[in-house]
Amino acid sequence: MSTATMTLKLKIWRQADNTSKGSMKEYDLPGVSPDMSFLEMLDLLNENLVNSGNDPVAFDHDCREGICGMCSLMINGEAHGPQKLTTTCQLHMRSFKDGDTVVIEPFRAKAFPVHKDLMVDRSAFDEIIAAGGFISMNAGNAPDGNAIPIGKETADLAMDAAACIGCGACVASCENASAMLFTSAKLSQLALLPQGKAEAAERAQKMVKKMDELGFGNCTNAAECEASCPKGIELSNIARMNREFFKSSLSK
Amino acid sequence: MSKLDSKVPSGKLQDKWEQYKFDMKLINPANKRKFNVIVVGTGLAGASAASTMAELGYNVQSFCIQDSPRRAHSIAAQGGINAAKNYPNDGDSVWRLFYDTIKGGDYRSREANVYRLAQVANNIIDQCVAQGVPFAREYGGYLANRSFGGAQVSRTFYARGQTGQQLLLGAYSSMMRMVAAGKIKLYTRREMTELVVINGQARGIVVRNILTGELETYHADAVILATGGYGNTYYLSTNAMASNSSGAWQAYKKGAMFANACFTQIHPTCIPVHGDNQSKLTLMSESLRNDGRVWVPKKQGDTRKPNDIPESERDYYLERIYPSFGNLVPRDVASRNAKTQVDAGRGVGSTGVAVYLDFADAIKRDGEDTIRGRYGNLFEMYQRITDESPYNTPMRIYPAVHYTMGGLWVDYNLMSTIPGLHVLGEANFSDHGANRLGASALMQGLADGYFVIPYTIGNYFASNMIDQSITTDHPAYKDALQNTKNRLTGLLNTKGSQSVESIHKKLGKLMWEHVGMSRNAASLEEGIKKIQSLREEFQQDVNVPGSDKGVNTELEKAIRVSDFLEIGELMARDALTRNESCGGHFRDEYQTEENEAKRDDENFTHVAAWEYTGDNKEPVRNVENLEFENVKLTTRSYK
Ligand SMILES: Cc1cc2nc3c(=O)[nH]c(=O)nc-3n(C[C@H](O)[C@H](O)[C@H](O)COP(=O)(O)OP(=O)(O)OC[C@H]3O[C@@H](n4cnc5c(N)ncnc54)[C@H](O)[C@@H]3O)c2cc1C
Ligand code: SF4
Ligand code: FES
């Protein structure tokens, strides 16, 4: 634990609502402790803003434990900031030095319009899931959990893919604003498991079609998504998705 | 006569639920389409209820605060979910799960509800596997189990350290399937501010649209609250930032009784508070106590580095006081003992409000790699937050508010004292008594949503006259809307000098001090007075900037905190009138000579359900006696 505090120069995107034009605003923030999380640093700024009669900066957050996927932010040009495999809420201020300038912007993509300041609309992800990111079964239908053994390796791979928190960093960091990593993670999880195989082809068709409709771009293999993903979702999921997709296109 | 009728069906404990399901009135499939249900909350309880009712044919309107149902607080649960599958063949059974839950709750829950919970738990695992939840598996491909939270059998199913996430994503995927099918209408970024009761029945809600600031009304034939727990009354807790009590509290103010408000679970292994700007506390899984040894320096105010303190000057107090359970004593016992050490001036770290959890001996015994295999993720998380490596220096931990067993009172049908208002998950008081066992909250939320409410809601519709000609044009909606409007205007017009956050922090300190890990009459009485005056301070001096148009995060918080300021008082009042110690509720006056909790079964084997009588008026305490026909009340001992 360190006790010395820092003063930071913050440059933050301010935008009143989704129809207004936004701009970058500068704030000096003293009293930042290295033990604070990045969002606690923003809390401190907001407390100052409120106490001086100004409008606090709106940003999304909830669990502050790196699991709900609600926090976002481009920090100095990087989705979720400089630390690998770490969401913004888990980033701590010891990653910065006294006097640093920190540029904070929303996740930007055509499919993620800004609501206010740093808050964006990621409901497009829900639409992709609604298009097919499920197994069609009703409660009460299920056989015993052990009726179909699933090899540990397969289960582990499915879990790797299922770890996606739906934050959208992959989209925000991609020059084409592609949602391939997100979509492929769900498709992979369900295609790997025997329970999800029956619908795998149809699912791939529907989710990919929805993704395109919503205005997400194509994948050109720049791999920025993988680098920015706080949960280590791998590009191999995209390859698996492409296989499912072509298989299903051929069978059409 | 008590106003509380638990509606527990007669018959043998083991047969009650099956028989009741058979006896219930049914709604035929074509008619289900004619009924509308509002579900507030999309955590495990709300999401599973919404998807299942939609699958059955009901029209569901689903509400949540976050931008997507997938982000509800349930997502953060780590450890696992219990069921009595007995896959490990270690002697587990529905009966044992039932018994452990009743005993763990210190005999303050209803036998019939808990038995049903244990019965349907196995169906939950099947349901989740079929949904594609990637539970941990053994090499042979079968589901893996671990032991958890003091149980003597391995009955906990898990998906790495992300069980809540995977279960919630399963329920969410089922929900989204029904959204696509047009059976669920999804309303995200909405916060319920009022319950609408017409002709004595819960029929609708008022919500604030968080994006536009507009107040909206929604109408249905029944309302289901699955809005989670009220742990954030303490400001600092392991709950998510938006977790709040408003849904339940506003229902209380419309006549739903609030039960056992003082039963709060304080989890022993959390990362300690580091400073005044801390916004929440992070849980470190309880599994760490399997290998970590808890200690403090024997000397008060010892500022040496932990590794410089020789063995002979350390007090491994849990091992010393509880030789047979040692570091594995239940949550409430571990928490209270940590507080005792800190209060005696033996706390560690820069704030002195922490104890050590030391892995040095485990690493020496099993090697660093083995320990990394077991706890690698947790150690990383700890290091990310504290910048210290538990491989080299002991972790610092301290108890934190984690879960609220209390909640809206419900009967066997999960219906509150307002007809038509059903309450599921952490928001109700039902199954955990005075203390919840690890991995049982996820089980309860999903049991309520997948397997109980889909039946009991049909019975409600089939047995009651519900006037379907009513719409949101009914004057009750105008009144409710106006109520909320007045409240918001009041908050915005106060224009005082204190931020919402700063008052919430003050409330948190009061709650922790007066209604925390151990309570006593004098301090509770003082606490009630202080909470009342803080509430006045809030009313006169809060500063909520901005307007009621558009996004206003300060206004959102202000609404929640104004409700916390009221529920906090009820929690204290409930604690003050429960003159015994049980589970998470420890009263200094009621302890054994060995400083253990002393229950008073003769006078307190009951649920206390509070009835609202008006603002700033004392609520009425109603009692539901708990009958134990199948288990014998015993005293817990961990020595
Ligand atoms: C860190 C942590 C770890 C845990 N680990 C475990 C574990 O391993 N095993 C276990 O069994 N339990 C665990 N628990 C407990 C468990 O996670 C919760 O009790 C459970 O998930 C609660 O589920 P729920 O559906 O009742 O409510 P929640 O998941 O809290 O959902 C509440 C929902 O209601 C909505 N809502 C709330 N208020 C309003 C309002 N006014 N208007 C509109 N919507 C509203 C929210 O948006 C959300 O959708 C853990 C808890 C924590 C904090
Ligand atoms: S793939 Fe990674 S970056 Fe993309 S939404 Fe999922 S967790 Fe976020
Ligand atoms: S706030 Fe939940 S992941 Fe960051």
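Read on for a plain summary of the structure.

Topic: the nonpolar core
1) Next: Judged by nonpolar contacts, the single largest core of 222 residues is most densely connected at F216(A), I81(B), F135(B), I205(B), F258(B), L421(B) and F461(B).
2) Next: Setting aside chain neighbours within four positions, we find F216(A) in contact with A111(A), F112(A), A124(A), F125(A), I128(A), V171(A), N176(A), A177(A), S178(A), A179(A) and M211(A).

Details of the site of ligand 1
All names here are of chain B.
1) Next: Among the 37 residues in the neighbourhood of ligand 1, the closest are listed as Q66, S74, G79, M192 and E426.
2) Next: In the environment of ligand 1, an oxygen atom lies 2.6 Å from a nitrogen or oxygen atom belonging to the side chain of E426.
3) Next: Against a free-state accessible area of 1,000 Å², the protein chains account for coverage of 97% of ligand 1.
4) Next: Mapped onto the shell around ligand 1, the elements with two or more residues apiece are α3 (44-56), β6 (190-198), β15 (395-404) and α12 (441-463).
5) Next: It is β6 that contributes the most residues to the shell around ligand 1, 3 residues altogether.

Here we look at the pattern of salt bridges
As a working rule, side chains carrying opposite charge can pair if their charged atoms are close by.
1) Next: Under the counting rule described, the total for this entry stands at 72 salt bridges over all chains.
2) Next: Of the charged contacts, one joins R14(A) and D55(A) as a salt bridge, the two residues approaching to 3.6 Å between their closest N and O atoms. Taken together, the residues span a long stretch of sequence, with R14(A) in strand β1 (residues 6-14) and D55(A) in the loop between α1 (38-51) and β3 (74-75) at a distance of 41 residues.
3) Next: Taking the relative accessible area as the measure of exposure, D55(A) reaches 40% and is therefore partly exposed.
4) Next: For D366(B), the salt bridge identified is with R365(B), shortest N-O distance 3.1 Å.
5) Next: One salt-bridge network, in which partners are shared between bridges, spans D106(B), R108(B), R578(B), E580(B), R599(B) and D601(B).

Comments concerning the side chain of N435(B)
Residues and elements named next belong to chain B.
1) Next: Of note, N435 is situated in the loop between β17 (421-423) and α12.
2) Next: Polar contacts involving the side chain of N435 include one to the main-chain carbonyl oxygen of G104, which spans 3.1 Å.
3) Next: Here the side chain of N435 touches Q265 through a polar contact of 2.9 Å, side chain to side chain.

With respect to the interface of chain A and chain B
1) Next: If you look at the interface, chain A gives 70 residues, while chain B gives 73 residues.
2) Next: Both sides of the chain A and chain B interface together cover about 6,100 Å² of buried area, and 53% of this is carbon and sulfur.
3) Next: Counting every contact that joins chain A to chain B gives 6 salt bridges.
4) Next: Note that R189(B) is salt-bridged to D60(A), the shortest N-O span being 2.9 Å.
5) Next: The interface formed by chain A and chain B contains 39 residue pairs in polar contact (both at pLDDT 80 or more).
6) Next: At the level of secondary structure, the elements contributing two or more residues to the side of chain A that touches chain B comprise α1, β6 (114-116), β7 (119-120), α2 (123-132), α3 (152-162) and α5 (180-192) of chain A.

Rules used in this analysis
Residues numbered from 1 in each chain as written. Chains lettered and ligands numbered in written order. Predicted model: local features only at pLDDT ≥ 70, side-chain atom pairs only at ≥ 80, totals over all residues. Heavy atoms only, no water. Core = buried A, V, L, I, M, F, W, Y, C linked by side-chain atoms within 4.5 Å. Buried < 20%, exposed > 50% of the residue type's maximum accessible area, 1.4 Å probe, protein only. Contact = heavy atoms within 4.5 Å. Near = heavy atom within 4 Å. Polar contact = N/O pair within 3.5 Å; in protein donor to acceptor, adjacent residues only side chain to side chain. Areas by Shrake-Rupley, 256 points an atom, 1.4 Å probe, with all protein chains shown as cover. Helix = DSSP H or I, 4+ residues; strand = E, 2+ residues; numbered from the N terminus. Salt bridge = Lys/Arg side-chain N within 4 Å of Asp/Glu carboxyl O. Buried area = accessible area lost by both parts, 1.4 Å probe.

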